[in-house]
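Below, each chain spelled out in residue letters.
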Amino acid sequence: MSTGPGADSAPAPGTDPTTDDTPHGTGGTARENPASTGPVTAGDGADTTARPAGKPDKPGNSMFSSLRIRNYRLFAMGQVVSNTGTWMQRIAQDWLVFTLTGSATAVGLTVALQFLPMLLFGLYGGVLADRCAKRKLLIITQTAMGMTGIVLAVLTLTGHVEVWHVYATAFALGMITVVDNPTRQTFVSEMVGPDQLRNAVSLNSANFQSARLVGPAVAGVLITGVGSGWAFLLNGLSFLAPIAGLLLMRTSELHPIDPVPRGKGQLREGLRHVRSRPELIWPIVLVGAIGTFGFNFPIWLTAFTDHVFDQGAGAYSLLNVLMAAGSVTGALLAARRNSSRMRLMVAAAGLFGVLQIVAAVAPTYWLFALLMLPIGIMGLTFNVTANSSVQLAADPAMRGRVMSLFMMVFVGGTPIGGPLMGWITDTYGARIGFASGGLVSLLSAGLVGLALARAAGLRMQVRSYRVTFVPRDPRAAGITADTGTDTGTPPSNGPVAGAVPTAAAVERRELTLAAPRTDGQP
């Protein structure tokens, strides 16, 4: 089960900026790269990792290349079954709470309770993920998640369910997710290795969103036909698939990272690692802002369906299906890319906010529904780019702690944003609530974009209605302001070879900003 939509990095300094498929850690204890002694030779684009005996050759790069790896294929098949059940339960849970209370705020409170544990304890889940064998830990968490679905199914089918029961099971599920989420996120790299991590993260998001196409449709049929209880039951049983996949994996083909020994200060160590690196901290800040205020779709879609357009459960499910179709498209487009840049992440976040504002003023249900497609594309493009960039830039030995922070700010902000957006929606209407979320997303993207540019030594320049970023000090980039020729002074982020246009120097700076260090220093 996944609790949210899942989400590349540039080359390290000294490598060819067009070759960025091989990430490098910062001196961790990863066994995924046991014989690597330095960065990839410029322009070769090859993985220099010495592969242990028995490891299959890495698959080539394509949209579905990571599925050629047996262990990941088992994982993906199990997840698509479980994710379908998860989406069924999400729709049924939101509709059940709305039916019991008639309040968008109550729906927001349910979502908040499910993600409150991530806000309170998320970082500790990352510490556990770094300390423990991830495959065994996932078997435990997936089993516990299945049990929460079965408990809620029994309460609903026997007619004893009350809204506080839904609140309690949502909170219990959130507590399990604290450990499951960072463990599952970082286990992907152990299944596919660093060279296929970007592709696997994108396919995970496509997997999750593909299930979103089926789950809401099935949930709508079940809710109107036999009630929400059967959706909860099927979700609980769906966890048998990922558990079976984990048990059938060939452990000799994994790329395990040595568990971090128990010690003092590991949580603070992870936070220092993130704080000292712009390519980690700023994507996480943007993810936190948009995750808190921009991804409250259960609140907005239920309110638009019932209060604005006077529709029923079927129309609500259709909105989720259309958004999922856009999300699948965004995830598959991300899987085709061998790399991504910070500007793609920022641009997708900004367009996501603009589209939300436009949808908020849509006069008809069908126009509103059609806008769910591009909203899904932009939301997933932003999320996948941020997710894979942060994973690849993080030290493998700290990846669990880094990803727990990533997920903590993404879904852990929901206890703040959910009730607040629910209150705005109830008080001022669904249109104002949706538009306010889009406005926060747009402003956050602009501010983080400026912060990233500043960290890269760039400034914004507007000429003939075109916005570009250029070095604040042209000499610092090895370029003279007047001629654009090489001054002979190497830039702080890497050398400039020969006469290079200013635009190329800017691109080099942007690429280097996203690069993980290879010298073991923050």
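Up top you'll find the structure we're talking about.
What you see is a predicted model, and the numbers here were worked out from it, not measured in a lab.

Draft legend 1. How the structure looks around a nonpolar patch on the surface. A cluster of nonpolar side chains, Leu120, Phe121, Tyr124, Phe171 and Met175, forms an exposed patch at the surface whose accessible area comes to about 480 Å². Of all elements in the fold, only helix 2 (104-131) and helix 4 (163-192) reach the threshold of two or more residues within the nonpolar patch. A total of three residues in the nonpolar patch trace back to one element, the largest contributor, which is helix 2. Its place among the elements puts Met175 in helix 4. Judged by relative accessible area, Met175 falls into the partly exposed class, the value being 36%.

Draft legend 2. Here's a closer look at the packing of helix 4 against helix 14 (residues 399-411). The geometry of helix 4 relative to helix 14 is characterised by a closest axis approach of 9 Å and an angle of 130° between their N-to-C directions. Here helix 4 is positioned oblique relative to helix 14, judged by the angle of their axes. Crossing handedness for the pair helix 4 and helix 14: right-handed. On the side of helix 4, the interface is formed by Asn181, Pro182, Gln185, Thr186 and Ser189, while helix 14 contributes Arg399, Gly400, Met403, Ser404 and Met407. A breakdown of the residues in the contact of helix 4 with helix 14 according to their chemical character gives three nonpolar, six polar and one charged.

Draft legend 3. The environment of Pro374, seen in detail. Mapped onto the secondary structure, Pro374 falls in helix 13 (residues 365-393). Owing to a relative accessible area of 27%, Pro374 belongs among the partly exposed residues under this scheme. Separated by 22 residues in sequence, Pro374 and Phe352 place their C-alpha atoms 8.1 Å apart.

Draft legend 4. Just the packing of aromatic side chains, in detail. Enumeration over the complete set of coordinates arrives at 20 aromatic pairs. Here the aromatic rings of Phe368 and Phe434 are separated by 6.0 Å at their centres, their planes lie at 65°, and the arrangement is edge-to-face. Remark: Phe434 occurs in helix 16 (residues 430-455) and Phe368 occurs in helix 13; sequence separation between them is 66 residues. Assessed through its relative accessible area of 0%, Phe368 is described here as buried.

Draft legend 5. Focus on helix 9 (residues 278-293). The end-to-end C-alpha separation of helix 9 is 23 Å, in line with the 22 Å expected for 16 residues at 1.5 Å each. Here helix 9 has its buried residues at Glu279, Leu280, Pro283, Ile284, Leu286, Val287, Gly288, Ala289, Ile290, Gly291 and Thr292.

The rules behind each value
- Residues numbered from 1 in each chain as written.
- Predicted model: local features only at pLDDT ≥ 70, side-chain atom pairs only at ≥ 80, totals over all residues.
- Heavy atoms only, no water.
- Patch = residues over 30% accessible without salt bridge, like charges linked within 9 Å, V, L, I, M, F, W, Y side chains within 5 Å.
- Areas by Shrake-Rupley, 256 points an atom, 1.4 Å probe, with all protein chains shown as cover.
- Salt bridge = Lys/Arg side-chain N within 4 Å of Asp/Glu carboxyl O.
- Helix = DSSP H or I, 4+ residues; strand = E, 2+ residues; numbered from the N terminus.
- Buried < 20%, exposed > 50% of the residue type's maximum accessible area, 1.4 Å probe, protein only.
- Axes fitted to C-alpha atoms, helices over the stretch in contact; angles between N-to-C directions.
- Parallel < 35°, antiparallel > 145°, perpendicular 65-115°, else oblique.
- Left-handed = near helix turned anticlockwise from the far one by under 90°.
- Contact = heavy atoms within 4.5 Å.
- Nonpolar A, V, L, I, M, F, W, Y, C, P; charged D, E, K, R; others polar.
- Phe/Tyr/Trp six-rings, centres within 6.5 Å; stacked < 30°, edge-to-face > 60°.
- Expected span 1.5 Å × (residues − 1).

Keep in mind these numbers describe shape, not what the thing actually does.
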